[in-house]
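# What the coordinates show
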Amino acid sequence: MKTVEIRSDITVVGGGLAGICAAIAAARQGRTVVLAQNRPVLGGNSSSEIRVPVAGANGMFHNRFARETGIIGELLVENQYRNQPGNPVLWDALLLEWVRAESNIKLLLNTDVRTFKTRVTGDGIEIVSAIGWTLGSEIEARLTSNFFIDCTGDGFVGAATGAQFRVGREARAETGEAWAQEKADKKSLGSTMFLYTKDAGRSIPFVPPSFAIDITKTTIPLHRIEFANDSGAKYWWIEYGGHIDTIHDNEAIRDELLGIVYGVWDYIKNSGKYDADTLTLEWISAIPGKRESRRLVGDYVLTQTDVVNQRSFPDAVTFGGWSVDLHHPDGVYATDVPDRHMFADGVFDIPLRCLYSANVANLLFAGRNVSTTHAGNGAIRVMGTCAAMGEAAGTTAALCVEKSVHPRLIVRDSIGLLQQRLLKADATIIGVRNEDADDKAQRAEVSASSHLDFIETMGISRPEPLLQDLGIVLPVDPILGPLELLVDVTQDTELVAEIWGTSAPQNYVPDRLIQTHAARLEKGENQWCGLPLDWNPNTPCNAVLVVRRNPEINLHMTADPVFGIQLSERKTDLLPKWYAKNCEKNSPPGVIEWSIRERNRQLPRLRTLFATEAYKPEKVVNGHARPFGGPNLWQSSRPARDQWLNLAWPEQVEIAEVWITFNDDVNERLYNLHRYETPFRTIPEIVRDYRIQVLERGEWHTLIAVSGNRQRRRKHRFPKPVLSSSVRIVIDETNGSEFAQIVEVRVY
């Protein structure tokens, strides 16, 4: 056996997405980091060992413009380019590459951190060091750090060091939550194991092992097997163990799940009810994917009420958007519905006080083990959100090291500084603006070759009967004026349209009626139907133009996306059965009622008769790097090629770095694995080829030229600082969009 001593600023325990993003974030802030993972691969539940797709704030495409940015955003965009079909092994490789790229990270795979040395101070318990054992290498590592981040999922670091934690479901009398229990108990969400299948092209028999469960003799819902060739996350419902201890009974849970998986496959292969003769079982999860176990207690406990009401927090450091998604603790053996959902109208804040321990002074945490109630945990446990919390926790730990304070004092004294550092790293905090005093772009006058003012959707259109209400999200900046829709009319009729406001700048579903308009139409084809809209709110915002159902009208539709404009269709009478059963019994929530799933990148043929300011060049310095009360980006007129964006100062300034944030369409769903395959490798709106020029002696000089870009955020350092009164970004080509688009520019 070999013993080593490793000293670092921060130790992160757990190499799932939360731990990866925590370690990378801290390392990029200049801190030395140990990342210890007890498995041979990184990724946790998303790894090739378990293969749960990364879901997040977009809520399976229910929320609009809600995909995470920051480190997890980088990973998803790059994975889309390298690994469009969603190969789990290639996802593993990408995660390993991203971690290895950070020279400040010491990665310890196959390393189980199980014992800790602590001390008691005036601030409470402090962790001094930890002992990790590396299997195979027989190395014992003593890890000494200023701060520790628990990303184990099970909250093991916290439990082992005396941190307060919760297990199970709270009583309603304690939390006041709609879905809390009458009496508290220790039940939780269960664990799941997946299977992958493959068509072998010839007859493949299957003899089940003796431990396979005969599912025809159980309450397992056979109707959930929809197709014989389903794989992976299609089997999310193979769940067990919430009624027992998901930590200490983990081996028993695994054994039962293994029997269920083989029993399901036996039923598919041998019941005679499926066309499965040539299918073979290719892969089964090695270990259960857990949904819930311990929840460490912080200075604040996030609740279901906070999520659904979208409560705003002054110490917000990231965001979520998944529904409050609670599964029956009996899993596949439940005779009641297996899961139920409660949705907010959009994304919600997650405060820093949920990411550090209430009683272990130098312990932070991220992932599903953060400070929430059982019901609140149902909305934050998905991995995109866990990763975003990891970046927030890692950045916080780095600032704690810098200031030699515990995280509680960051909330009290430095939350603004922390939020600005997160924004600078391209993480998202809802509604918080860039106020970086060192960013010279904030003081520049911004101009461009053009900007989109009169909006017209173009392209080949197809008439569709108006069989359900449609909602068209439009930016209102500063007004929403008259526009026209292209229609065919089968007989004389009336088109009714309404302007609706939304309940918050990050929401995109109708909330309050502003105006109603009715337009008389005569029978005929290819008519432009005029709507005399007239809304002038106090501040820029989004509106939803609701076009009411009328089967006598065919609305022309086109696949010509314009960022910031979005189409949804009302699904009140067409909701999937499981939503109707599992959501609240009253009317369905707005994000389900107004669905964008089948309408992504589709718009009606429309043209505005008023000029909008929503896409003006100065939007790149308005402080918002994603949609919030408007699209918040510069968008040129067509075509994109040879468009330019210019930043000018009244006097020469020293320019050393130019940071550009391109539009990676945070509305687009990107999955790391196979559940849904986005049809393009690179987001079309991202600028592919561009040049950065500076003005010297009245002439433009190109200092940086880039071709083949596919990432959202690019940082460019000049070979040496230059003095100039103007810097210009020239767009040579996009990855497919007809518009040049830039979200943010920073100059240092």
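Thresholds applied
Here, residues in each chain are numbered from 1, in the same order as that chain's written sequence. Note on the predicted model: pLDDT of at least 70 is required for a residue's local features to be given, and 80 or more for side-chain atom pairs to be given and counted; whole-chain, interface and lining totals, by contrast, use all residues. Only hydrogens and water are set aside when side-chain values are computed; all heavy atoms of the structure are taken into account. Two rings from Phe, Tyr or Trp (for Trp, the six-membered ring) form a pair when their centres are within 6.5 Å of each other. A pair whose planes differ by under 30 degrees is stacked, one over 60 is edge-to-face, and the rest are tilted. Runs of H or I in DSSP of at least four residues are treated as helices and runs of E of at least two as strands, each being numbered from the N terminus. Here, over-ring charges are defined by two tests on the NZ atom of lysine or the CZ atom of arginine: distance to the ring centre within 6 Å, and angle to the ring normal within 35 degrees. For every domain, the bounds stem from an assignment made automatically or drawn from a database. The quantity reported as buried area is the accessible area (1.4 Å probe) lost by two parts once they are put together, taken as the sum for both. Should a side-chain nitrogen of Lys or Arg be within 4 Å of a carboxyl oxygen of Asp or Glu, the pair is scored as a salt bridge. The term polar contact refers here to a pair of N or O atoms within 3.5 Å; inside protein, the definition further demands a hydrogen-donor-capable atom paired with an acceptor-capable atom, and it admits residues adjacent in sequence only when both atoms are side-chain atoms. Gly is put with the polar residues, along with every residue not named as nonpolar or charged; the nonpolar set is Ala, Val, Leu, Ile, Met, Phe, Trp, Tyr, Cys and Pro, and the charged set is Asp, Glu, Lys and Arg. Each nonpolar core is a collection of buried residues, namely Ala, Val, Leu, Ile, Met, Phe, Trp, Tyr and Cys, held together in the definition by side-chain atoms within 4.5 Å. Burial classification: accessible surface area is computed with a 1.4 Å probe over protein chains only, and a residue below 20% of its type maximum counts as buried, one above 50% as exposed, and the rest as partly exposed. Any pair of residues with heavy atoms lying within 4.5 Å of one another is described as a contacting pair. Here, strands pair whenever DSSP counts at least two bridges between them.

Moving on, we come to the packing of aromatic side chains. Per the counting criterion, the structure on display carries twelve aromatic pairs. Pairing Phe 65 with Phe 563 gives two aromatic rings, centres 5.3 Å apart and planes at 75 degrees, and the pair type is edge-to-face. Of the two residues, Phe 65 is situated in the loop between strand E2 (33–36) and helix H2 (70–82) and Phe 563 in the loop between strand E26 (550–558) and strand E27 (566–570); the sequence distance between them amounts to 498 residues. Each member of the aromatic cluster is reached from another via a ring pair, and the members are Phe 65, Tyr 508 and Phe 563. Above the face of the Tyr 196 ring, Arg 51 is positioned so that its terminal group lies 4.6 Å from the ring centre. Lying over the aromatic face of Trp 528, Arg 607 brings its terminal NZ or CZ to 3.9 Å of the ring centre.

Domain parsing of the protein yields domain 1 (2–172 + 294–424), domain 2 (191–290), domain 3 (440–450 + 615–747) and domain 4 (456–608). Taken as a group, Arg 51, Val 332 and Tyr 333 account for 35% of the area that domain 1 buries against domain 2, more than any other trio of residues on that side. Between the two partners, domain 1 and domain 2, sit one salt bridge. The salt bridge partner of Lys 290 is Asp 154, with a shortest N-O separation of 2.8 Å. The interface formed by domain 1 and domain 2 includes nine residue pairs in polar contact (both at pLDDT 80 or more). Counted by class, the side of domain 1 that touches domain 2 contains eight nonpolar, six polar and eight charged residues.

Within soluble globular proteins, side chains that are nonpolar generally end up buried alongside one another. Among the nonpolar cores identified, the biggest contains 123 residues, and Leu 647 and Ile 742 are the most heavily contacted of them. For this core, the two domains that each supply at least three residues are domain 1 (2–172 + 294–424) and domain 3 (440–450 + 615–747). The residues touching Ile 742, leaving out its near neighbours within four places in the chain, are Val 620, Leu 633, Trp 634, Leu 645, Ile 660, Thr 661, Phe 662, Ile 729 and Ile 731. Counting 53 residues, the second largest nonpolar core, distinct from the first, contains Val 473, Val 476, Ala 543 and Phe 739.

Pairing within the open sheet is antiparallel, and its six strands lie in the order E23-E22-E25-E20-E27-E28. The open sheet has two edge strands with one neighbour each: strand E23 (512–521) and strand E28 (594–595).

Let us now look at the pairing of strand E21 (residues 483–489). For E21, the tally of buried residues reaches seven of seven residues, placing the bulk of the element in the interior. Of the two faces of E21, both are covered, the one formed by Leu 483, Leu 485, Val 487 and Val 489 as well as the one formed by Glu 484, Leu 486 and Asp 488. Examined bridge by bridge, E21 and strand E30 (residues 606–608) share three bridges and lie antiparallel to one another. Its bridge partner lying in E30, Leu 483 is registered against Thr 608. In this sheet, E26 lies alongside E21 in antiparallel orientation, the contact comprising three bridges. Of the residues in E26, the one forming a bridge with Val 489 is Ile 553.

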